[in-house]
Each structure stands twice: as C-alpha cells, then as structure tokens.
Amino acid sequence: MVGAYAACVEFIKLSKLQHGDSIHFSNISSVGSDSLQKALGAFGDKVIISQVVPFPWNSEIPLVKEYAKALATYQHEYSPGFTSLEGYIAGRLFCAIAREVKGELTRENFISTMEKIGRFDLGGIVLEFGPDDHQGLDTIISFQSFLENNGGEWRKDDGEISFFAEKAGFPSLALRQKAAVISNIPCEACESVIYPTEKGPIQNHIDVPIVDQDRVPLIAGVCNRQGGYGESDVGQVNLLLEKMWHHFLKISSEREMTRLRNLLKGINDSMPSVLIGVDMNGRGMQWNKEAERVTMISAGDAEHRLLSQVFPRLTGYLWRIQAVIASGVPDEERNVPYYQDGETRFDTITIYPLVAEHVTGAVIRLDDVTEKVRIEDLMVQSEKMLSVGGLAAGMAHEINNPLAGILQNLQVVQNRFSPDLPKNVEVAREFGIRMEDVEGYIKARSIDVCPVGKGVYR
C-alpha cells in the first residue's frame, strides 16, 4: 500500500471488517509508523511496514546503540523512532564525508569525495556510493505489528528480514505505470514482491493501483490463487478498491465538512459581536453565542423563525435587509440608540449580503458601542469646557488692558494732588495757591480724590 496513513487506515479497517483478519497489509515507511499504529488501534494486526533503517531498539548494531545513547543524552524527552534514526544516520554520514573533504567544503568537493571514497561503514550500517549511484543504502527492512492485551506495540517479526530495493518489483511498477501488474510465474512473483510467506511461497499475484486525478493513493496486492490471475480479477479488485476509496472520500469529505462547520461556529461564538444570519425571507439561519446572550433565545429556538419574532429590535431593519440582499452592497448605521434596564445604550448595526451556493440571505452584525459613545460625549464636553475657558481667558485679558491704563492715569492724577511732592508745592506757590487750599476745595466739592494714607489719593 502506498499512501498517506489516513487513507491506508480506512482501507485496512474496511477490508478487515468485510473479510476478517486473515489478510496481510504492507506499507512503505513514508506512511508514518507511529501515526498508523495509533489510528489502527485494534486493527493493527498483520500490518507490515517496510523501513529503510534498522530497528531503532536493536542495540546489537553499534550505530543504533550510539544513536540511543545520543538520544538519551541530548534529547532524553524523545523516544527512539525510525524517523529520528534516519536523521541520525544522515548526520553521521555527512560528518564522515565532510571530514575527508580536501580543501574548502563545497557541494562539488563534497560529492566528489563521496564518490571517490565510495564505501562508508557507520558501525554496522554500510552505505556505498558511486558516480552514478547516490542512493547509498539499498536495503529495505520489514517489520510487522501485532496487538497484545496490554496495548498495541510495534514489534519485530522473527528478526529483521532484508530485501533489495531493486527487487521490490511490481508494486513500484504499478505505481509508475498507474496500471495493474499481473504475475503468474512463481519464481518471478516470489523474488519480485514483499508478501508474507508464512503459508507458503508466493505462486502468483496481482498489484492493482487506484488512480485518482493522476495520483495513486493506494496499491492493493492479491496473491496465490489457483489457476492464476487475469484481467477479470483485476477488474473485480479494482471495483472493490474504487468503492472503498469512494467511501473513504465520502467519509473524509463529511469529516472535513464537520470540522469546518465546527471551526466556523467556534469563530462566530468567540466574537463579542452579535452575529445573525437570515435568509431572503428574514428567517434565522445562524445565531451565535452573543446573540443567545442578548436575546435569551437559543440558536435552536431561533432557527427558521422570523427575525421580528426573535429579535424585535431589528424589525425596522427588514426592508434594509431586503435592500442589501438585492443590491449586494453592505449597509451600516452607527450609534443606534435603544433602551435597556432604564438606560440608553447604543449599537452599530451592519448588514452584509450573503451569496453562496443555493443560499441567499444576509448577515447582521451588532456591536455594542455604548462605552465608546459615552467616551466620545465626554470628550465633546471636555472640548466645550476648554473652549469656554479659552474664551473667558481672552475676555479677561481684553478687559484687563484698559483697566490697567485707567489705573495708571489715576495714579498720575493722585500724584499731582499730593502735598508731599515738592514739585506740586512749588508750582502751587507760583500761582499763589497753597496745596492745603486745593485739598480743601476737593473735599468741599466732594471730588473722590481723597488721600488714603500718607500722600495717596483715590
């Protein structure tokens, strides 16, 4: 079987449910052993995984032993596995080649050194290269899974069985040709495929791929039929596989739809806004958690009911909803007031057109902007007070200027009538007047330039 682990899991499960546990299944390493094991669960018996690296727990191989020690030292939180062992081997190989490079470590020098040395023994694992061979390791190591009462584990099947990649044969040929391969020659079949041989040698077999949009998600093999295989057998296997594959696609599509539906609902419910979906007749289709909180009506009760019944406050917007659906242009009204619990609150109401396959309607979004409106009002009042304060300051400044001039002139007049200034006394004598007579005249005429204290008049 060549495919992603999810597709292989569904195929194996369906096959075992219909035909029992007598069938063996073979997967290549790219399927992901751990993911396949967890997904199969109790269906993991008689499932073979081909691997391109040794068993990660085989301490008899020096390289694997060193790998386990390095993993325990530097990444002890991780368990041994095929993928990390393959990465460890690649790293060791790179270091082994890089140490032998003469001069600058470039891509060309690296490849040249690899081809020149040719053979690298990393400790029980030998990789060989040449001018026309950069694969390094041709060995495929096969493992089988089985389930114990205390839980499922991957185990070796009677030791490590090695096969050569060039002898994997017809499964890879069926993959490349995207067509079935039939073999009715016992010796050819025995040496060309990886099949379980516990019930005897492989006498004949067919490998049938499923082709879906120019890709091969699965290859199924059937072997050891008396009388050999023909095109009719390919047709029967292909028919069975196509039905299983289509069933798998259907299940996958349903699961994906469920996942997307749950994801969309989660997004809608996590939003602080009220989100309501209505059809072209104004009946509810979508009702998120905030809508449930505001209206005290559950999504189930609101579905298919008129918007005017479940959200009376939006009754006046029905005509606007119809206009948005007809025009396809969103509509928004900001700071819409309404009364709740004895106070005025505000919403911004936005209506979006909803056009999807077989669905025509609108999405209504309500955002509570009460606090925003209140803050804006406070800011407006604050700006008004600042304006009044500035105006008052300007007026006071304009009034203060002439008053200062008047006070200054009055001070001059007071000084001219003060008897304490020698100049005033001297000028008064020139005119034959005494300052005391001037002061008496001012008092007799009730002129308010009387002295306030010594030498000060007001």
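What you see is a predicted model; the values in this text were computed from it and never measured.

**Q** Quick one: what's the story with the pairing of strand β11 (residues 215-223), residue by residue and with numbers?
**A** In the sheet, strand β10 (residues 205-212) pairs with β11 via seven bridges, with the strands oriented antiparallel. Within β11, the position partnered with I206 by the bridge is V222. Counted between consecutive antiparallel strands, the loop separating β10 from β11 contains two residues, among which Q213 sits at a positive phi close to 55 degrees.

**Q** How would you sum up helix α4 (residues 82-100)? Please name residues and give values.
**A** If you check α4, its first and last C-alpha atoms are 28 Å apart, about what 19 residues at 1.5 Å a residue would give, namely 27 Å. Residues F82, L85, Y88, I89, L93, A96 and I97 constitute the buried set of α4. Each buried residue of α4 sits inside an arc of 165 degrees when the element is viewed along its axis, so together they form one side. In this structure, α4 carries T83 and R99 as exposed residues pointing more than 90 degrees from its buried face.

**Q** Just give me the short version of the pattern of salt bridges, but keep the residues and values in it.
**A** A complete count under the given rule lists 17 salt bridges for this structure. In this structure, R259 engages E256 in a salt bridge whose closest nitrogen and oxygen atoms are separated by 2.7 Å. Taken as a pair, R259 and E256 lie in helix α8 (residues 231-270) at a separation of three residues, close to a single helical turn. Accessibility expressed as a relative area gives 35% for E256, which makes it partly exposed. In this structure, R293 and E290 form a salt bridge, with 2.6 Å as the shortest nitrogen-oxygen distance.

**Q** Could you give an account of the sheet that holds strand β9 (residues 181-183), naming the residues involved and the relevant values?
**A** Strands sit in the order β9-β10-β11 across an open sheet of three strands; the sheet is antiparallel. Of all strands in the sheet, those bounded by a partner on one side alone are β9 and β11. Within this sheet the neighbouring strands show an average axis-to-axis angle of 10 degrees, counted without direction. Pairing of β9 with β10 involves three bridges; the strand directions are antiparallel. Considered in β10, the bridge of V181 is made with D207.

**Q** If you had to explain the packing of helix α1 (residues 5-19) against helix α2 (residues 33-40) to someone new, which residues and values would you point to?
**A** In contact at an axis separation of 10 Å, α1 and α2 are set at 35 degrees when each is read in the N-to-C sense. In this structure, α1 crosses over α2, and the sense of that crossing is right-handed. Across from Y5, C8, V9, I12 and K13 in α1, the residues of α2 making contact are S35, L36, A39 and L40. Class assignment for the residues of the contact of α1 with α2 results in seven nonpolar, one polar and one charged.

**Q** I'd like a rundown of the sheet that holds strand β5 (residues 133-136), residues and numbers included.
**A** Across a sheet, strands are paired by hydrogen bonds formed along the backbone, either parallel or antiparallel in direction. In space, the three strands of this open sheet follow the order β3-β4-β5, with antiparallel pairing throughout. At either end of the open sheet lies a strand with only one pairing partner, and these are β3 (119-121) and β5. On average, adjacent strands in this sheet sit at an angle of 10 degrees to one another, irrespective of strand direction. Both strand β4 (residues 126-130) and β5 contribute to a ladder of two bridges, which runs antiparallel. For E128, the partnering residue across the bridge sits in β5 and is G136.

**Q** Account for unusual backbone geometry, with residues named and values stated.
**A** With a phi angle near 70 degrees, H304 is a residue other than glycine that sits in the positive phi range. In this model, N335 sits at a positive phi of 50 degrees, which is unusual for a non-glycine residue. Among the structural elements, N335 can be located in strand β14 (residues 331-340).

**Q** So, a nonpolar patch on the surface: which residues are in play, and what are the values?
**A** The grouping of I399, L403, I406, L407 and L410 at the surface amounts to a nonpolar patch, some 480 Å² of accessible area in total. As for its position among the elements, L407 is in helix α13 (residues 370-417).

**Q** Residue-level account of the nonpolar core, with values.
**A** The biggest cluster of nonpolar side chains holds 25 residues, and the ones touching the most others in it are M1, F11, L36, V47 and L241. The set of elements that each furnish at least two residues to this core consists of α1, α2, β2 (47-51), β10, β11 and α8. Apart from residues lying up to four places away in sequence, F11 is in contact with M1, F25, L218, A220, L241 and M244.

**Q** Describe α2, naming the residues involved and giving the relevant values.
**A** Buried residues of α2: S33, L36 and L40, and no others. The arc that holds the buried residues of α2, viewed along the axis, is 70 degrees, so those residues lie on one side. After α2 finishes, the residue G41 shows a positive phi value of roughly 60 degrees.

Conventions and cut-offs
Residues numbered from 1 in each chain as written. Predicted model: local features only at pLDDT ≥ 70, side-chain atom pairs only at ≥ 80, totals over all residues. Heavy atoms only, no water. Pairing = 2+ DSSP bridges. Helix = DSSP H or I, 4+ residues; strand = E, 2+ residues; numbered from the N terminus. Expected span 1.5 Å × (residues − 1). Buried < 20%, exposed > 50% of the residue type's maximum accessible area, 1.4 Å probe, protein only. Arc of directions from axis to C-beta. Salt bridge = Lys/Arg side-chain N within 4 Å of Asp/Glu carboxyl O. Axes fitted to C-alpha atoms, helices over the stretch in contact; angles between N-to-C directions. Left-handed = near helix turned anticlockwise from the far one by under 90°. Contact = heavy atoms within 4.5 Å. Nonpolar A, V, L, I, M, F, W, Y, C, P; charged D, E, K, R; others polar. Patch = residues over 30% accessible without salt bridge, like charges linked within 9 Å, V, L, I, M, F, W, Y side chains within 5 Å. Areas by Shrake-Rupley, 256 points an atom, 1.4 Å probe, with all protein chains shown as cover. Core = buried A, V, L, I, M, F, W, Y, C linked by side-chain atoms within 4.5 Å.

By themselves, these observations are geometric and do not establish any function.
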